Amino acid sequence: MRTIRIGSGAGYSGDRIEPALELAEKGDIQYLVFECLGERTVALAQQARMKNPDSGYDPLLEDRMLAVLPACVANGIKIVTNMGAANPTAAAQKTREIANSLGLSSLKIAAIVGDDVLEACNTSDLPIMEFDGTVKQLGNRLLSANVYLGAGPIAEALGKGADIVITGRASDPALFLAPMVHAFGWPMNDWNLLGQGTVAGHLLECAGQITGGYFSDPPYKDVPDLARLGFPIGEVAEDGSLVITKVADSGGAVTARTCKEQLLYEVHDPTRYIQPDVTADFSHVKVEEVGKDRVRISGGRGTSRPATLKVSVGYIDSYIGEGQISYAGPGALARGRLALEIVRERLKLTGLAASELRFELIGVDSLHGAELSSQASEPYEVRVRVAGRTENLREAVRIGNEVETLYTNGPAAGGGAFKSARDVVAVASVLLPRELATPSIQFVQG
Amino acid sequence: MKLREIAHSRTGDKGNTSNISVIAYLEQDYPLLLAQVTTARVKAHFAGVVQGEVVRYELPNIAALNFVMTGALGGGVTRSLALDAHGKSLSSALLDLEIEPAADNQASIE
C-alpha cells in the first residue's frame, strides 16, 4: 500500500527553525508543512500590508525558506505553508526570489488566494458569533476578514505540479490533509477518510506539541532533551492508517500520552470537530505505541462537511495600558498589596476612564485569581501588575504612568518598573455561506 | 491524593472558551475520573475563573475527559487583560483537585 511521510516544520509563526531543517535532511519525508498563522496573526499582517502593499506575510518566511529549500530540493520534498498570511502572492514572489538566488529557478511556486472575504462579509452584513452585532457595525474598526479554506485548492495546486504551495488563512489540519488528498486521490466526500486525515493533521499541526513539547512536568512526566526537540512526522497510508514518529536521535518523545494530549488540544465536542472539508469525529480514535517513538493512531471518522465556512474577523477592539513594579525581601507581599491599593485609589482620584481593570501580584495571584491561590505560602518577591482596558491610547498610557510613580510615591524599595500601552487587535468569528468563498491558484513564474 | 497522581492534562483555547483534557495515566483509573472529576466539581474549582458553563465530554476510547469552559479567558484570547491570556496554565490548577483513592483492598475482601 502506498504511504507518504509528512513532516511538521512549525507549530506557530515564531517557532524554531533547526527542527524543520532536520526533518528536511534526515526525516525521509515527501512533504514539509509549516503552520504559522495564529487566530489573530492574519489581522496584524493585514495592518502591515495596509502600510506596505508588498508586505503582510510571515516575518520568518525568508529565514525558513533559505534554511530548508536546498535540502527540500535535494530530497524531493514539497512544501505547504500558510506563511502567506495576509499576502500569499507577495510571499510566493519573495519565495521565488529566494529560490532563484539559490539557483533553484525550476521550482514551481503557487499561491492560494481568495481567503480574503472582507467585501463579501461587509456587504452581506453577517452576524458576529461572540457578541451582538454585525460585521458592518464594526465600521472603521474592521481590519480584515479571512475565511478558513479547506484542502481542495492546495491539493489542486500540488496536482498541477507545485513544489511549494503558500496560502493565507486555511484550516490548520487542511494543510496536512491536502498532501494526502493529492497523493492518494481521496474523494472529497469520503467522510471517514477525510476524518482520519483530519486527525492526522490535527495531531501534527502544533509541531513539537506532540513530540514532548508543552508536556514535561517533572517528576511525573519527563521528556529527554527538550533543547533539541524533534518535530513530528506523520506516516500516512492510502487507507488512512497513521503512525506518528520523529527523526531518530532527535530530542523529545512520541508516546501514547503525548498523542492523547494533543488529540484533545483545542477540541470542544470530540464527535464534531468542524473543518471546511469534513466534520471529524475523534470519539473512536485509538492510540497504541508500536515501537520507540512510534504511535499508531486509528479510528478517526467523519460526517459531511458544514454548509458554512468560519471567517476570522480582525478589528480594533480597545486599548490596553499596563504597569508593573517589583518588591522583594521581608514584607514584600504586604508592600505589593499596598502598592496595588495606592494605584487603585489614584486611578479613581484622577478619573481614569477604563471599562475593565485588573490588580494583581505576579508570583501570587495573577494567573488564577485570589481564590485558587489563597493557600499559597508567602513568596520572596512579588511583582505588582495593573492592567486596564480603555477607549483610546491616551487613557491607556495613564495606567502604566501611575504604576511608575510608585518609585517615588509608593511603598519602600519598589524596583524594575515597566509600562506599556497598545491597541488591541481582536478576532471574532462569522459563518460565511460556502459558495461565497472562491479560492484560486496563482503560479509565480521563474 | 491529588488528581495529578493519576492523570495528566493539557489546556487549549478558542476565543473566550478554554478546554482542559484530563487523561488517566492508567486505563484502570478512568472510572475514578468519571466518578470524581465531575462538571460540578470542576465548575466549583474554577469559580473565580470561569464565568460561563462547564461541559464534560467523555472519551472512554482514550480513558480521558474533556472539559469545555465558556467565558473562561477574560473576554477572549485576543483581547484579554490577563497575563496568561490563553489560559495555558489552567491545566496545572485542575491537577490540584483532591481525589479519593479507589478502595481496592476492601473490594478484594468482599
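What counts, and where the lines are drawn
Residues numbered from 1 in each chain as written. Chains lettered and ligands numbered in written order. Predicted model: local features only at pLDDT ≥ 70, side-chain atom pairs only at ≥ 80, totals over all residues. Heavy atoms only, no water. Helix = DSSP H or I, 4+ residues; strand = E, 2+ residues; numbered from the N terminus. Rg over C-alpha atoms; globule rule 2.2 N^0.38 Å. Buried < 20%, exposed > 50% of the residue type's maximum accessible area, 1.4 Å probe, protein only. Contact = heavy atoms within 4.5 Å. Areas by Shrake-Rupley, 256 points an atom, 1.4 Å probe, with all protein chains shown as cover. Lys, Arg positive; Asp, Glu negative; His and termini not counted. Charge placed at Lys NZ, Arg CZ, Asp CG, Glu CD. Buried area = accessible area lost by both parts, 1.4 Å probe. Salt bridge = Lys/Arg side-chain N within 4 Å of Asp/Glu carboxyl O. Polar contact = N/O pair within 3.5 Å; in protein donor to acceptor, adjacent residues only side chain to side chain. Nonpolar A, V, L, I, M, F, W, Y, C, P; charged D, E, K, R; others polar. Pairing = 2+ DSSP bridges. Axes fitted to C-alpha atoms, helices over the stretch in contact; angles between N-to-C directions. Domains from an automatic or database assignment.

1. Topic: the overall build of chain A
Looking only at helices and strands, one finds 13 helices and 18 strands in chain A. Over its C-alpha trace chain A gives a radius of gyration of 24 Å, about what one expects of a compact globule, namely 22 Å for 446 residues. Taking the principal axes of its C-alpha atoms as reference, chain A extends roughly 70 × 55 × 45 Å. For chain A, buried positions account for 55% of its 446 residues. Taking the contacts inside chain A whose residues are at least 6 apart along the sequence as the reference set, 76% of them involve residues at least 24 apart. Carbon and sulfur atoms make up 50% of the accessible area of chain A, which totals about 18300 Å². Here chain A holds 43 positive side-chain charges and 54 negative ones, and the gap between their average locations is 1 Å.

2. Remarks on the overall build of chain B
For chain B, the helix and strand inventory stands at four helices and four strands. Reading chain B from its N end, one meets helices and strands in the order β-β-α-α-β-β-α-α. In terms of overall dimensions, chain B has C-alpha extents of about 55 × 25 × 20 Å along its principal axes. Residues classed as buried in chain B amount to 57% of the 110 residues present. When contacts within chain B are restricted to residue pairs at least 6 apart in sequence, those whose partners lie at least 24 apart make up 59%. Surface exposure of chain B reaches about 4600 Å², of which carbon and sulfur atoms provide 50%. Taking the average place of the 9 positive charges on the side chains of chain B and the average place of its 12 negative ones, the gap between the two points comes to 12 Å.

3. Observations regarding the interface of chain B and chain A
Listed as interface residues are 42 residues of chain B and, on the opposing side, 49 residues of chain A. Summing both partners gives a buried area of about 4000 Å² for chain B against chain A, and 54% of it is carried by carbon and sulfur. For the chain B face of the interface with chain A, the top three residues by lost area are Arg10, Thr78 and Leu81 of chain B, together amounting to 23%. Across the chain B-chain A interface, the total number found is four salt bridges. The partner of Glu261 of chain A in a salt bridge is Arg10 of chain B, with the nearest N and O atoms 2.9 Å apart. Taken together, chain B and chain A are joined by 26 residue pairs in polar contact (both at pLDDT 80 or more). Within the residue set of the side of chain B that touches chain A, elements represented by two or more residues are β1 (7–14), β2 (17–24), β3 (54–59), β4 (64–69) and α3 (90–94) of chain B. Counting residues per element, the side of chain B that touches chain A draws most heavily on β1 of chain B, at seven residues. The residue inventory of the side of chain B that touches chain A, partitioned by class, reads 18 nonpolar, 16 polar and eight charged.

4. Quick word on helix α9 (residues 256–263) of chain A
Across the eight residues that make up α9 of chain A, a large majority, seven, are buried. Listed as buried for α9 of chain A are Ala256, Thr258, Cys259, Lys260, Glu261, Gln262 and Leu263 of chain A. Buried residues belonging to α9 of chain A abut α8 (191–204), β8 (242–246), β11 (286–291) and β12 (294–298) of chain A together with β1 and β2 of chain B.

5. A word on the sheet that holds strand β4 (residues 109–113) of chain A
Strand pairing in a sheet takes place through backbone hydrogen bonds and is either antiparallel or parallel in direction. All names here are of chain A. Spatial strand order, β11-β12-β8-β7-β1-β2-β3-β6-β4-β18: ten strands in an open sheet with mixed pairing. Each edge of the open sheet is held by one strand with a lone partner, namely β11 and β18 (440–444). The mean angle between the axes of side-by-side strands here comes to 25°, regardless of whether they run parallel or antiparallel. Here β11 pairs with β12 via five bridges, running antiparallel. Across the sheet, Lys286 pairs through a bridge with Ser298, a residue of β12. Lying on the sheet, α9 is in contact with β8, β11 and β12; it crosses β11 at an angle near 150°.

6. Side note on the side chain of Arg335 of chain A
Residues and elements named next belong to chain A. Topologically, Arg335 is positioned in helix α10 (residues 332–349). Buried charge without a salt bridge: Arg335, with Glu378 as the nearest opposite-charge side chain at an N-O distance of 7.9 Å. Polar side-chain contacts of Arg335 include one of 3.0 Å to the backbone oxygen of Ala412. When neighbours within four sequence positions are excluded, Arg335 is seen to be in contact with Tyr327, Ala328, Gly329, Pro330, Pro411, Ala412 and Ala413.

7. Examining the domain arrangement of chain A
Residues and elements named next belong to chain A. Per the domain assignment, the segments making up chain A are domain 1 (3–114 + 149–306) and domain 2 (316–429). Taking only C-alpha atoms into account, the centre of domain 1 sits 39 Å from that of domain 2. Between domain 1 and domain 2, the contact holds five residues from the first and four residues from the second. Contact between domain 1 and domain 2 buries roughly 390 Å² in total, counting both sides, with carbon and sulfur atoms accounting for 61%. By the criterion of area lost to domain 2, the three top residues of domain 1 are Glu39, Arg40 and Gln47, representing 77% of everything that side buries. At the junction of domain 1 and domain 2, the tally comes to zero salt bridges. Between domain 1 and domain 2 we count one residue pair in polar contact (both at pLDDT 80 or more) in total. Considering only residue class, the side of domain 1 that touches domain 2 consists of two nonpolar, one polar and two charged.

8. A word on the pairing of strand β16 (residues 381–390) of chain A
All names here are of chain A. Across the ten residues of β16, nine count as buried, placing the element largely inside the fold. Relative to β16, strand β15 (residues 356–362) is paired through seven bridges, and the arrangement is antiparallel. Bridged to Glu356 within β16 is Arg389.

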